[in-house]
Structures are given as structure tokens and as C-alpha cells.
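This is what each chain is made of:
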Amino acid sequence: MTSVQTPGLSRFNTLPESAARAALHEVCASSAWGGRLVAQRPYAHAEDLFLASDAALAELTAEDLSEAMAGHPPIGRPKPGDPTSSREQRGMAGASEELKAEMLELNLAYQERFGHVFLICATGATGEQMRDAMRTRIENSPEAEREVVRTELGKINRIRLTRLVESPVEQEEKH
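Counting restarts for each chain: residues are numbered from 1 in the order of the written sequence. In view of the model being predicted, local features appear only for residues whose pLDDT reaches at least 70, and side-chain atom pairs are presented and counted only at 80 or more, with totals across whole chains, interfaces and linings using the full set of residues. Only hydrogens and water are removed before side-chain values are computed, so all heavy atoms of the structure are retained for them.

Draft legend 1. Geometry of the pattern of salt bridges. Should a side-chain nitrogen of Lys or Arg be within 4 Å of a carboxyl oxygen of Asp or Glu, the pair is scored as a salt bridge. A complete count under the given rule lists 12 salt bridges for this structure. Here Glu17 and Arg21 are joined by a salt bridge, their closest N and O atoms 3.0 Å apart. One end of the pair, Glu17, and the other, Arg21, are both in helix α2 (residues 17–27), 4 residues apart, so they sit about a helical turn from each other. Throughout this description, buried means an accessible area under 20% of the type-specific maximum (1.4 Å probe, protein chains only), exposed means over 50%, and partly exposed covers the range between. Overall, the relative accessible area of 44% leaves Glu17 in the partly exposed class. Here Arg21 falls in the partly exposed class, since its relative accessible area comes to 36%. The closest approach of N and O atoms between Glu147 and Arg150, which form a salt bridge, is 3.1 Å. Taken together, the residues Glu147 and Arg150, both in helix α10 (residues 142–166) and 3 residues apart, mark about one turn of the helix. With relative accessibility at 40%, the residue Glu147 sits in the partly exposed group. One network of salt bridges, with partners in common, ties together Glu102, Arg131, Asp132 and Arg135. Each helix is a run of DSSP H or I of at least 4 residues and each strand a run of E of at least 2, with the numbering of both proceeding from the N terminus.

If you want it as C-alpha cells, here you go:
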């Protein structure tokens, strides 16, 4: 970790509250999580933001987690036109039709069992790894699965926050 604040973190620290909330909503759809992070600004270092994110995530209620999960598309079906979900689900891009069909069936069974999308930190994972994780996790109790989801959401949030604070200011202003 460097002791110098990145331009992206400096920009985030100085955004108007509504813009900071919008930027955080792109990271995680939980308004409770985003509100806690905005309220703690400014952050001296990216690690401070990550620790605040982890603490806020640990405090999310089941309802807050549901709100966060609603912002994630099912594995194998990234949101059209959303470069973030496409990038994160790259492991499914070259999957066979058989694997895609199996993932669709597993997604539906998982959603029926738990009432929400299967959430996994898909960055760097192959389609087979995601399928195997879903096969295993569908056997979890709802309580155990909620905690696995919380852990996976933490991984996703950290990756997305890293992109937020490390992106050049000029790049962010183009959006």
C-alpha cells in the first residue's frame, strides 16, 4: 500500500454527496452500505475505504443484502451494455452451450431455493468453477448461504472499489 492518495480516491473524497452515492451504487446496490461509506469520507488511503466497506458490509441486514444482490445479474447473463458485469463474468463468455444450459438450470434452482441470484466473485473464475461452486452452495442452509453471499459480496466490492480509486480522474470524467 502506498502512502500517497490516488487521484481517484481524492476525487471520490471530494465528490458532492449525491455523486459519491451514485459512484458507490455502481460498486454495490445496497443504499445502507453506500450511505455508511459516504458518511465516513474523506479517506486518507484506499485501505481505509476498504476497511470501512468491510465494516459496513458486516452490518448489513438480510434486507440490505437482498438490495445489494438485486444489483447483480445472474451468472452467464451479464446486463446488456454493462461492461462491469461482462468483465466480471468473462469466465462464462467462452462456455459451451451445454455449460450455459446447465448454469441456467442451476441459476433457476438456486433462485427458487434462496429467493435471489447466485452471487459469486466471478472475476478470474472459469465457467466450470462457478458451476461447481453453485452445485456445492445450493446445498447450504439459507443462513449459511447468506454468510457466503456476504463474503462474496465483500470480494466483489473490494475489486470494484479498487477500480474506483485507481482509475484516472480524466477517465472517470468521460462517463
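Picking up where we left off.
Draft legend 2. Quick look at the nonpolar core. Formed by 46 residues in total, the largest nonpolar core has its most connected members in Phe12, Trp33 and Leu161. Sorting the residues of this core by element identifies α1 (7–14), α2, α3 (31–39), α4 (46–58), α5 (62–69), α8 (97–114), α9 (127–137) and α10 as the ones contributing at least two each. Top element by residues in this core is α10. It accounts for 6 residues. Discounting residues that sit within four places of it in the chain, Leu161 has contacts with Leu24, Val27, Trp33, Leu37, Leu49, Phe50 and Ser53. Here, nonpolar core refers to any group of buried Ala, Val, Leu, Ile, Met, Phe, Trp, Tyr and Cys residues whose side-chain atoms link them within 4.5 Å. Note on contacts: a residue pair qualifies if any of its non-hydrogen atoms lie within 4.5 Å across the two residues.

Draft legend 3. Highlighting the confidence of the model for the protein chain. On average, residues of the protein chain carry a pLDDT of 87, and 85% of them reach 70 or more. When the elements of the protein chain are averaged for pLDDT, helix α11 (residues 169–173) gives the smallest value, 47, and α3 the largest, 97. Confidence of the predictor at the level of single residues is given by pLDDT, which spans 0 to 100.

Draft legend 4. Spatial organisation of the environment of Leu119. With respect to the helices and strands, the residue Leu119 is situated in the loop between α8 and α9. Classification of Leu119 by relative accessible area gives buried; the value is 2%. C-alpha of Leu119 to C-alpha of Met134: the two residues are 15 residues apart in sequence and 9.1 Å apart in space. Setting aside residues no more than four positions away along its own chain, Leu119 makes contact with Met69, His72, Arg137, Val149, Glu152, Leu153 and Ile156.

Draft legend 5. Quick look at the environment of Gly71. With respect to the helices, strands and loops of the structure, Gly71 is situated in the loop between α5 and α6 (83–88). For the pair Gly71 and Val117, spaced 46 residues apart in sequence, the C-alpha to C-alpha distance is 9.6 Å.

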